[in-house]
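Listed below, chain by chain, are the residues.
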Amino acid sequence: MRVLLIEDYELLRESVAQGLREAGFAVDAAADGDAGLWYAKSNPYDVIILDLMLPGIDGLTLLKRLRATDSRTHVIIVTARDAPPDRVKGLDLGADDYLVKPFVFAELLARVRALVRRAYGAKAPVINVQDMELDTAGRKVRRAGREIDLTAREYALLEFLALRAGEVVTRTDIWEHVYEFNSTADSNVVDVFIGHLRKKVEGPGLPRLIHTRRGHGYVLGGAE
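Note that the structure is predicted; figures quoted are calculated from it, not measured.

Peer 1: Is there a simple way to explain the sheet that holds strand β8 (residues 140–143) in this structure?
Peer 2: Hydrogen bonds along the backbone pair up the strands of a sheet, which may run parallel or antiparallel. With respect to topology, four strands assemble into an open sheet ordered β6-β7-β8-β9, the strand pairing being antiparallel. The open sheet terminates on both sides in strands that have one partner only, identified here as β6 (126–129) and β9 (146–148). The sheet shows a mean angle of 25° between the axes of neighbouring strands, direction not considered. Bridge analysis of β8 against β9 gives three bridges, and the strand direction is antiparallel. By the bridge assignment, V141 is partnered in β9 with I148. Packing of helix α6 (residues 152–163) onto the sheet brings it into contact with β6, β7 (132–135) and β8, and relative to β7 it is tilted by some 110°.

Peer 1: I tried to follow the side chain of E7 on my own but got confused; where do I start?
Peer 2: For E7, the position within the fold is in the loop between β1 (2–6) and α1 (10–22). A distance of 2.9 Å separates the side chain of E7 from the backbone nitrogen of Y9, its partner in a polar contact. When residues no more than four places from it in sequence are discounted, the contact partners of E7 are L12, R13, A30, A31, D51, L54 and K101.

Peer 1: What is the right way to look at the sheet that holds strand β3 (residues 47–50) in this model?
Peer 2: Judged by pairing direction, the sheet is parallel, and its five strands sit side by side in the order β2-β1-β3-β4-β5 without closing on themselves. Pairing within the sheet leaves two strands with one partner each, and these edge strands are β2 (26–30) and β5 (97–100). If you compare each strand with its neighbour and ignore which way they point, the axes differ by 20° on average. Bridging between β3 and strand β4 (residues 74–79) involves four bridges; their strand directions are parallel. In the sheet register, I49 faces β4, and the bridge partner there is I76. Along the sheet, helix α2 (residues 33–42) contacts β1, β2 and β3; its crossing angle with β2, the most-contacted strand, is approximately 145°.

The rules behind each value
- Residues numbered from 1 in each chain as written.
- Predicted model: local features only at pLDDT ≥ 70, side-chain atom pairs only at ≥ 80, totals over all residues.
- Heavy atoms only, no water.
- Pairing = 2+ DSSP bridges.
- Helix = DSSP H or I, 4+ residues; strand = E, 2+ residues; numbered from the N terminus.
- Axes fitted to C-alpha atoms, helices over the stretch in contact; angles between N-to-C directions.
- Contact = heavy atoms within 4.5 Å.
- Polar contact = N/O pair within 3.5 Å; in protein donor to acceptor, adjacent residues only side chain to side chain.

Structural data, given as structure tokens:
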């Protein structure tokens, strides 16, 4: 899943970005409102984490301009401004959640995960596809009762496919939601990671779970 972090305080920005990446998210980060708005308008994101007191365009103005483009990306405001009028204004302008600094990173992570699930219409933290169980909170995957060890990138790819189980997911969809803006990976990297996933989740004696739709993309679950 892909997240945009807009935060001007460098230490916090780097710390949160690193934590999100370790949790399996692809993260783009901006240090001011102008850059943040450019990123938000130029790329698809599953969640935007937005500070309010930013250089250049302030957070509330950024949010207002973003919603004026009919963007449906979920936004969580993370700010030191904790007065009720600030919360009300942020939510009324289109924010989906509001978290006050200082915060515990685990709580921010839980809120981001909840917004990602909401974006794809999934409420429960556990996603079941045939005999596979994917725990989005614990980032654990089991198939036929056996736990599967995945890298952060493999897990992110599988989670994206699971959230859209039964749908054809194009390589472009995967690239836009699993990789960062400045990724230097080459064009066949999606196919390579799909191959890695298949080796891990489709062991001997197990039916195929990831199907190729030639010329279109991939489908998790369903028949060949």
